[in-house]
Amino acid sequence: MGWAQGFEEAVVNIGNVGLTITNAGFVGRANVRNNPAGPPSFEYPLDSGVEHLFEAGLWIGAVRRDGLITVRTGAITSSGGYRPGAEGYELAPLEPIVERSTLPTSPVFTRIATSHQDFLTAYTDTARFLPGTRIPMPDPAGQLGVKILQTSYAWNFAFTESFVILNFDLINLSNQPWDSVYVGLFHDLVVRNVNTTQDQGSAFFNKNGVGFIDTLHATYAFNAGGTEESINTYGAIAFLGAEWRDPRSGQYRFFHPNVAEEYVRDGYTPPVVNPRWWLFSGGTDERSRPTDDRTRYQRMGTPYPNPADYGGCRGVHDLACQDPAYLEALRVWREELRTAGQRAQGNWIGLTSVGPFGQVLPGDTLRVTFAFVGALKPEAYQGLAARPIDNDESRRLLYTNLFWARRTYAGEDQNYNGRLDPGEDVNGNGRLDRYLIPEPPPAPRVRAEFTTEPDPQTGQLHTGVVLYWDRSAEAAIDPVTGRRDFEGYRIYRSNPGDDLRGNLLDRAVLIAQYDKPGNRIGFNTGFEAIRLPEPITFPGDTTQYWYRFEMPNLRAGWQYLFIVTAFDEGDPEAGLAPLESSRVASALRLFPGTTPTPRGSVGVYPNPYRAGAAWDGGTSRTRKLYFYNLPARCEIRIYTLAGEIVKTLYHDAATYQGDIRWFNDFSAPGRQLSGGEHAWDLLSENGLELAAGLYLFTVKDLETGEVQRGKFVILK
């Protein structure tokens, strides 16, 4: 019996995007709206709860030698998302998902990796049954005979952490050519905060505004009509480029609208990127759901509005047509796409396709590359009133992130023509290298320790944080310039309450910078104030820490984001500003408070507790009250005045990271608490809200058996 590869999924999360990829030709996690605590679908910013995708899937359309028009689909319009053997999920796993990384500190480091987080896999349309099962694959008669090698790339540099690049190598395994080939990504982009929205069912999906950026070949979506508490963002899918083997010359050539004139000159139909949308349900004609391969193929290759319907245009591929009637029809259509979500009519399904590739011969490989890109709206376009706004200024950060996705893909191809022109061979190896970009130093390895100090006058406890980091960033060599160009470190911190507004990462502000003295870069502060005379290590941690930065007098129980980055000198002669390491990679979510103590006087804060405390979320299940000065391992019991047990909590400082909904909604995995505190959501053992009044509690040290007692008041 042969080995069969089963279905797998993995999460790209090295940067500020969380994207679920699979080995079955589709992307995303369709049930994220019902299970936001699980892996992300297409989340940006990471850990924000703001999702941008129901599901996306690869489409490959072609005409076979027998004349059959077929479209092989990794996903189609479906209310339930992926289901093994379901119609439209026609690509079967062939290989497992393998991870590799260029980061020397990664457990999957290898010099043959391309990015900080590569995922490689393969799938095919030739399987009769879903591997490892007896479930028949759908539409076996429509097979093209294609094997797809899929690779995703992601980096955690500050300028690359907002996108994930997906590369598809389509190999013709059949003995016949594919004619008039189109390749696209089907996508159900939907932008909602899954932690805070109350919308369910169709109401979750119908608030979208969508659009297309012609110059960047990018389809995007935004939340145009949702009223939940959330930041305003864009989610986009962009075509970056393709490599096609020209049957006439036998050479691979760049396939992109930038080189359309070359294809016309050679007698080919020029490359076209064609954005299409239809309604999830309802709609007529071009706005209705395509339900068969012939209609799907027509959508891949025919624009809407169709320039061929207007006398002033030169045919179906004339997307630059200036016929006034065509331009007006296009304007009206795109305005409807942009604004329908304001009326709860924005349940759009999209398709971004590219073609036609004249012919793909047996044995040839067609490489097509897309990017998933996230972006915030600028600060002036945050807030509920700005949610439906979509203009050039509101898209400013999206343009920047799309540019860097293109720039990263282009590598040495500075003019984006697919050739190595004079002056572009940066590394001197005689070939065009993609994904070659200037790199900042790597993010330092950072460790946090909590401090608790009594005030010498009042005895009141003051809590703080001490950050330690290593000096690995100082040895980094830029791959483009070949220089060791480390310049300094920056320290960022958020403020109490920033977590309730979403996107804690971008709310962190610069609080300190230390850089080399004696040059024209930075502040020339030097490192004496933070550098240790000798490196230190910690039990169970062999990293040598050379720097120490203390932040005292923080507010206990609040969440702070601390970030330490490294930055380089830049290249003033080339006009390149200093590049900074990833803010995501070194971000620490810290909750200052008391550290574990076997003899401290346990207590509660805030006491009295008033409903709607400053750090509470917007629901009765996102409230938070802390017990402090706890032993490392203890049992906490809360009682009514009559002695009835309301709630029992078990605390273990070594493993406790917060176990109430507040932390799920407003924090993220990997957070660090001080160890001597435990949060409670003021709900009973049965999940009921407590009435206002006086309550008693006991704390039993599980090591010594000692019991302490106290009381607190709930006010409403």
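Let me sum up the structure you'll find in this document. (Residues numbered from 1 in each chain as written. Predicted model: local features only at pLDDT ≥ 70, side-chain atom pairs only at ≥ 80, totals over all residues. Heavy atoms only, no water.)

1. As for the state of the cysteines
Note the cut-off: When the sulfur atoms of two cysteines come within 2.5 Å, that pair is taken as a disulfide. Each residue's exposure class comes from its accessible area (1.4 Å probe, protein chains only) as a fraction of the maximum for that residue type: buried when under 20%, exposed when over 50%, partly exposed otherwise.
Under the criterion given, the structure shown has one disulfide. Disulfide pairing is shown between Cys-313 and Cys-321; the S-S distance is 1.9 Å. Taking the torsion about the S-S bond as the criterion, the Cys-313 to Cys-321 disulfide, at about -80°, is left-handed. The class of Cys-313 is buried, set by a relative accessible area of 12%. Its relative accessible area of 1% is what places Cys-321 among the buried residues.

2. Details of the sheet that holds strand 26 (residues 541-554)
Note the threshold: Pairing between two strands is assigned when DSSP locates at least 2 bridges connecting them. For the purposes of this entry, the term helix denotes a DSSP run of H or I that reaches at least four residues, the term strand denotes a run of E that reaches at least two, and both are numbered from the N terminus. Helix axes use the C-alpha atoms of the stretch in contact, all axes being lines fitted to C-alpha atoms, and the angles between their N-to-C directions lie in the range 0 to 180 degrees.
Overall, antiparallel pairing links the four strands, which are arranged 21-22-26-25 in an open sheet. Each edge of the open sheet carries a strand with a single partner, namely strand 21 (446-454) and strand 25 (531-538). Each adjacent strand pair in this sheet contributes to an overall mean axis angle of 40°, direction not counted. Here strand 22 (residues 461-469) pairs with strand 26 via six bridges, running antiparallel. Residue pairing across strands places Leu-467 opposite Phe-549, the latter belonging to strand 26.

3. Some points on a nonpolar patch on the surface
Using the following cut-off: The patch calculation keeps residues exceeding 30% relative accessible area without a salt bridge and links them within 9 Å when they carry like charges or within 5 Å when they are nonpolar (Val, Leu, Ile, Met, Phe, Trp, Tyr). Every accessible area reported is derived by Shrake-Rupley at a probe size of 1.4 Å, with residue values counting cover from the shown protein chains alone. Only one rule defines a salt bridge in this text: a Lys or Arg side-chain nitrogen within 4 Å of an Asp or Glu carboxyl oxygen.
On the surface, Leu-641, Leu-694 and Leu-696 cluster together into a nonpolar patch covering about 240 Å² of accessible area. As for its position among the elements, Leu-694 is in strand 36 (residues 693-701). Residue class for Leu-694 comes out partly exposed when judged on its relative accessible area of 34%.

4. Considerations on the sheet that holds strand 37 (residues 707-715)
If you trace the five strands from one edge of the open sheet to the other, you get 30-37-36-32-33, paired in mixed fashion. A single partner strand is all that each edge strand has here, and the edge strands are strand 30 (609-610) and strand 33 (645-652). Of the pairings in the sheet, the one linking strand 30 to strand 37 comprises two bridges and is parallel in character. Across the sheet, residue Tyr-609 finds its bridge partner in strand 37, namely Ile-714.

5. Focus on the side chain of Asp-568
Rules: His is not counted, nor are the chain ends, whereas Lys and Arg count as positive and Asp and Glu as negative. What qualifies as a polar contact is a pair of N or O atoms within 3.5 Å, subject to a donor-acceptor requirement within protein and to the restriction that residues adjacent in sequence count only when both atoms come from side chains. Note on definitions: a residue-residue contact is assigned when non-hydrogen atoms from the two residues lie within 4.5 Å.
Structurally, Asp-568 can be placed in strand 27 (residues 560-568). Lacking a salt bridge, the buried Asp-568 has Arg-483 as its closest oppositely charged neighbour, with an N-O distance of 7.3 Å. Here Leu-579 takes part through its backbone nitrogen, which lies 2.7 Å from a polar atom of the side chain of Asp-568. Not counting the four nearest positions on each side in its chain, Asp-568 is found in contact with Glu-439, Pro-440, Pro-441, Asp-485, Phe-486, Glu-487, Pro-578 and Leu-579.

6. Let's talk about the packing of aromatic side chains
The condition is simple: A pair of aromatic rings is counted whenever rings of Phe, Tyr or Trp (Trp by its six-membered ring) have centres within 6.5 Å, and the orientation is called stacked for planes under 30 degrees apart, edge-to-face for over 60 and tilted otherwise.
On inspection of all chains with the given rule, the structure shows 60 aromatic pairs. Ring centres of Trp-469 and Tyr-547 lie 5.6 Å apart, and the angle between their planes is 15°; this geometry places the pair in the stacked category. Taken together, the positions of Trp-469 in strand 22 and Tyr-547 in strand 26 put the pair 78 residues apart, joining distant regions of the chain. The two residues Trp-469 and Tyr-547 agree in class, both being buried. On the numbers, 6.3 Å between centres and 35° between planes, the contact of Phe-697 with Phe-712 is tilted.

7. Here's the deal with helix 4 (residues 324-339)
Heads up, the rule is: Helix span, expected: 1.5 Å multiplied by one less than the number of residues in the helix.
Its 16 residues place the ends of helix 4 22 Å apart at the C-alpha level, agreeing with the 22 Å of an ideal helix rising 1.5 Å per residue. Taken as a whole, helix 4 has its buried residues at Tyr-326, Leu-330, Trp-333, Arg-334, Leu-337, Arg-338 and Thr-339. Along its buried surface, helix 4 packs onto strand 14 (208-213), strand 15 (218-223), strand 18 (272-279) and strand 19 (348-360).

8. Focus: the pattern of salt bridges
This structure, assessed with the given rule, holds 43 salt bridges. Among the salt bridges present, the one from Arg-253 reaches Asp-246, with a minimum N-O distance of 3.0 Å. The exposure classification of Arg-253 matches that of Asp-246, with both residues buried. A salt bridge links Arg-299 to Glu-286; the shortest N-O distance between them is 3.4 Å. Of this pair, Arg-299 sits in helix 3 (residues 293-301) while Glu-286 sits in the loop between strand 18 and helix 3; the two residues are 13 residues apart in sequence, bridging distant segments of the chain. Given the relative accessible area of 24%, Glu-286 is considered partly exposed. Among the charged side chains, a network of salt bridges with common partners joins Glu-335, Arg-338, Asp-390, Asp-392 and Arg-395.

9. A look at the nonpolar core
Let me state the cut-off plainly: Only buried residues count toward a nonpolar core, which is a set of Ala, Val, Leu, Ile, Met, Phe, Trp, Tyr and Cys residues joined through side-chain atoms within 4.5 Å.
Counting 88 residues, the largest nonpolar core has Leu-19, Phe-357 and Phe-372 as its most contacted members. Excluding residues within four positions of it along the chain, Phe-357 makes contact with Asp-179, Ser-180, Val-181, Val-183, Ala-242, Trp-244, Phe-255, Leu-366 and Val-368. Core analysis: the second largest hydrophobic core is formed by 58 residues, Phe-450, Leu-500, Leu-588 and Phe-663 among them.

10. Let's talk about unusual backbone geometry
Going from Tyr-44 to Pro-45, the amide bond is cis rather than trans, its omega being -10°. Mapping Pro-45 onto the fold places it in the loop between strand 4 (42-43) and strand 5 (50-51). Residue Pro-608 is reached from Asn-607 by a cis peptide bond, and omega for that bond is 10°. Mapped onto the fold, Pro-608 is located in the loop between strand 29 (603-605) and strand 30. At Tyr-416, a position not held by glycine, the phi torsion is positive, near 55°. Its identity as a non-glycine residue notwithstanding, Leu-682 has a phi of 60°, on the positive side. Summarising the element assignment, Leu-682 is placed in the loop between strand 35 (678-680) and strand 36.

11. What about the pairing of strand 6 (residues 56-63)?
Of all eight residues that make up strand 6, seven are buried, and the element is covered over most of its length. Bridge count for strand 3 (residues 26-27) against strand 6 is two bridges, and the pairing is antiparallel. Looking at the pairing, Phe-26 lines up with Gly-57 of strand 6. Sheet topology note: the strand 6/strand 12 (residues 178-187) ladder contains seven bridges and is antiparallel. Opposite Ala-56, over in strand 12, you have His-187 as the bridge partner.

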